Amino acid sequence: GAVQVLTWNEHHHKLTTSDQYGLIIVWMLYKGSWYEEMINNRNKSVVRGMKWNADGQKICICYEDGAVIVGSVDGNRIWGKELKLQLSNVEWSPDGKILLFGMLNGDIQIYDNGGNLISKLQIYCLANVSGDANIVSMEWYNGVNGYIEPNCPCLLICFDNGRCQINRNETDENPVLIDTGMTIMSAQWNHTGAVLAIAGSQKAAVQDKDVNVVQFYTP
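A quick note: this is a predicted structure, and the numbers were derived from the prediction, not measured.

About the thresholds
- Residues numbered from 1 in each chain as written.
- Predicted model: local features only at pLDDT ≥ 70, side-chain atom pairs only at ≥ 80, totals over all residues.
- Heavy atoms only, no water.
- Phe/Tyr/Trp six-rings, centres within 6.5 Å; stacked < 30°, edge-to-face > 60°.
- Helix = DSSP H or I, 4+ residues; strand = E, 2+ residues; numbered from the N terminus.
- Buried < 20%, exposed > 50% of the residue type's maximum accessible area, 1.4 Å probe, protein only.
- Pairing = 2+ DSSP bridges.

A. Here's a closer look at the packing of aromatic side chains. Within this structure, the stated rule accounts for four aromatic pairs. Here the aromatic rings of phenylalanine 101 and tyrosine 111 are separated by 5.2 Å at their centres, their planes lie at 80°, and the arrangement is edge-to-face. Remark: tyrosine 111 occurs in strand β11 (residues 108-112) and phenylalanine 101 occurs in strand β10 (residues 98-103); sequence separation between them is ten residues.

Okay, structure coming up:
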């Protein structure tokens, strides 16, 4: 099927993909070609988010129907839970102690790494916004190459309507708020957390058509 989610394990150089039918494959590079190292299919729901933690030892997989699985790099299941939520995204904290789960309704909940609910993450960038907004990106710079300054904004949350916030931590009450003015498709930190790239589309000033744009931001 068409690939819908993919995530890269930097430490172990493994690519993990999931397709439209929920088939998950962990790929490994051997003598110049990619081979299926592990295959998993729950046959129940579609995968909405997959992320490796910062040291590449654990992967968290979340399904649209609320199922969450955390597995180890060697293919063992660490724990699984049915969260009774419609999930859309997942992200690890840099220290691997916290998991963020984004939902189809735009809410984000904070869990510990054992799957226990801690609290809800406050969204400030959608104040005065009418209509629905979907989470397109939750990217927490993993800190492996240090931070450009102490207490630097490093947790990015982007919505498809162009609004973003960058938190210093999961309880930040004064995050950086951005209105990109575009429909956001994707976002990513660079390898040092010093530059943020946000990709999407916006109406061209001259002709009435959409143009693809990448905007670059400091934290």
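Additional details are given in the paragraphs that follow.
B. Inspection of the pairing of strand β2 (residues 14-19) at higher detail. Counting buried positions over the six residues of β2 gives five, a clear majority of the element. With six bridges joining them, strand β1 (residues 3-9) and β2 adopt antiparallel strand pairing. Counted as the bridge partner of asparagine 9 is lysine 14 from β2. With antiparallel pairing between neighbouring strands as the criterion, β1 and β2 make up a hairpin whose turn holds four residues, including histidine 13 at a positive phi of roughly 50°. Bridge count for β2 against strand β3 (residues 23-30) is four bridges, and the pairing is antiparallel. For threonine 17, the partnering residue across the bridge sits in β3 and is isoleucine 25. Between the antiparallel neighbours β2 and β3 lie three residues, among them glycine 22 with a positive phi of about 90°.

As far as function goes, none of this settles anything; it's purely spatial.
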